[in-house]
Amino acid sequence: MSSIAIERADRLKRLPPYLFAQIDLMKKEAQDDGWDIISLGIGDPDLPTPGHIIDELSASARRPQNHQYPSYEGMGSFRRACARWYEKRFGVSLDHGPEVLSLIGSKEGIAHIPLAFINPGDYVLVPDPAYPVYEIGTYFADGQVHFMPLEEKRGFLPDLGAIPSEVTKKSKLMFLNYPNNPTSACAEVDFYNEVVEFAVSHGIIVCSDIAYSEMAFDGYRPVSFLNAKGAKEVGVEFHSLSKTYNMTGWRIAFAVGNSDVLSGLGAIKTNVDSGVFQAVQESAICALEADQGCVEEMCRTYQGRRDVMLEGLAKIGLKADTPKATFYVWVSCPEGYTSAEFTAHLLKNCGVVTTPGNGFGPSGEGFVRMALTVSEERIREAISRMEKAGY
Ligand SMILES: *Cc1c(COP(=O)(O)O)cnc(C)c1O
């Protein structure tokens, strides 16, 4: 048999190197050195999906009417539940027909939305550091990325006034994510009001990613972008059940807000996927409408871990702000270490996996991200190893 040259398309060649590939390699070496690895590297809840949601899936999976193709935009009952949840949680009213769209996880919607609105050469405003999908989704649509640096001195909010006017003129979309991965920073309505004003004056569609809105501590309640006046005229928000209900593997999320934006995204999706398994949608209705005690318990768990982590970091002299939300701690690298060097040091000398801040964008340099996705006991162990190893 003769073979052919398998050559990847330019769009794949253009991708930055996969962040975790090198970490995986170092992790293997640390394992070979005998370390029982503690992974603070992964943003995936370690806790199981609450039992009542699993029960709903098993009942729902047995109903034959759920075995066929679902509707593209999501079941009416699911979209009504999403709208009711937004009203109850944020005081935002939505028409479940045109203003709610089901997604196969919010990553899916985020990755696809540039395909609906970006022509070659159009700019997308992307926070830096950030969840990598905003940047890569833009490249897949042949768009140009303009990074908006998130600086500590501005509370990790972008400086909209600093975006060059040649860029704003050619910008079509802007991504935002608060509570933020990786910095754990939060935004308030004043900031979103500023964003709406900016979006209106430059004709930019805003895409707010609010995956962590329910993972908050000390009684803090994050706000929605749609709480800003006029937000629905300029943008959409991506919400996910993944982090709130420990459902990352289930693949269900939804987008809400501007109906023209959602119908553009929907036009891409009808040609790419065929909706979300109805049993999963019915389980999501159950998650959104049942007693939210499981969410409170999840927050208590992460708050306890956060406190152990922050106390430990302070004791060993590492600097980090106390997160009000998300399960991430954004830790400043000690003097003399880059993000990559500090990550390598912690892995080699402590068997602790963290994520180098520069993996989320150039402005993440000088930080590492630690995820609170292990038990308090393992966090204590990680701290004690770091204390012993020093830096
Ligand atoms: C985890 C996460 C999501 C959620 O992704 P799903 O595809 O809904 O599981 C979205 N945005 C950010 C920033 C995340 O960290």
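All values derive from a computational prediction rather than experimental measurement.

(A) Quick peek at unusual backbone geometry. Pro129 follows Asp128 through a cis peptide bond whose omega is 5°. Along the polypeptide, Pro129 turns up in the loop between β3 (123-128) and α6 (133-140). With an omega of -10°, the peptide bond running from Tyr178 to Pro179 counts as cis. Counting through the fold element by element, Pro179 comes out in the loop between β5 (171-177) and α8 (189-202). The phi angle at Asp142 is positive, at roughly 60°, despite the residue not being glycine. We classify Asp142 as partly exposed; its relative accessible area is 37%. A positive phi angle, close to 60°, is found at Phe156, a residue other than glycine. On the secondary structure map, Phe156 appears in the loop between β4 (144-149) and α7 (165-170).

(B) Quick peek at the site of the ligand. Around the ligand, 14 residues are found, and the nearest of them are Asp209, Tyr212, Ser240, Ser242 and Lys243. Measuring from an oxygen atom of the ligand, one finds a backbone N or O atom of Lys107 at 2.9 Å. Compared with its free state, where it exposes 390 Å², the ligand has 94% of that area covered by protein. Broken down by class, the residue content of the shell around the ligand amounts to four nonpolar, six polar and four charged.

(C) Here's a closer look at the domain arrangement of the chain. By domain assignment, the chain separates into domain 1 (10-48 + 293-389) and domain 2 (51-289). Using C-alpha coordinates to define each centre, domain 1 is positioned 26 Å away from domain 2. Each side of the interface is counted separately: domain 1 has 34 residues, and domain 2 has 35 residues. Both faces combined, the contact of domain 1 with domain 2 buries some 3,100 Å², and carbon together with sulfur accounts for 61% of it. When residues of domain 1 are sorted by the area they lose upon contact with domain 2, Arg14, Lys324 and Thr326 head the list and together hold 19% of the total. Across the domain 1-domain 2 interface, the total number found is two salt bridges.

Rules of the game
- Chains are numbered independently. Their residues run from 1 in the order of the written sequence.
- It should be noted that, the model being predicted, local features are given only for residues of pLDDT at least 70 and side-chain atom pairs only at 80 or more, the latter also being counted only at that level, while totals for whole chains, interfaces and linings use all residues.
- Values shown for side chains rest on all heavy atoms present in the structure; no hydrogens or waters enter the calculation.
- We count a stretch as a helix when DSSP gives it H or I for four or more residues in a row; a strand needs E for two or more, and each element gets its number in order from the N terminus.
- Burial classification: accessible surface area is computed with a 1.4 Å probe over protein chains only, and a residue below 20% of its type maximum counts as buried, one above 50% as exposed, and the rest as partly exposed.
- In these notes, residues near a molecule or strand are those with any non-hydrogen atom within 4 Å of it.
- Think of a polar contact as two N or O atoms within 3.5 Å of one another; within protein, one of them needs to be a possible hydrogen donor and the other a possible acceptor, and neighboring residues in sequence only count if both atoms come from side chains.
- Accessibility throughout is a Shrake-Rupley quantity obtained with a 1.4 Å probe, and a residue counts as covered only by protein chains that appear here.
- All residues other than Ala, Val, Leu, Ile, Met, Phe, Trp, Tyr, Cys, Pro, Asp, Glu, Lys and Arg, Gly among them, are scored as polar; the first ten of these are nonpolar and the last four charged.
- For the domain bounds, the source is a domain assignment made automatically or taken from a database.
- Whether two residues touch is decided by their heavy atoms; if any such pair falls within 4.5 Å, the residues are in contact.
- When two parts are brought into contact, each loses some accessible area as probed by a 1.4 Å sphere; the total of that loss over both is the buried area.
- Whenever a carboxyl oxygen of Asp or Glu lies within 4 Å of a side-chain nitrogen of Lys or Arg, that contact is scored as a salt bridge.

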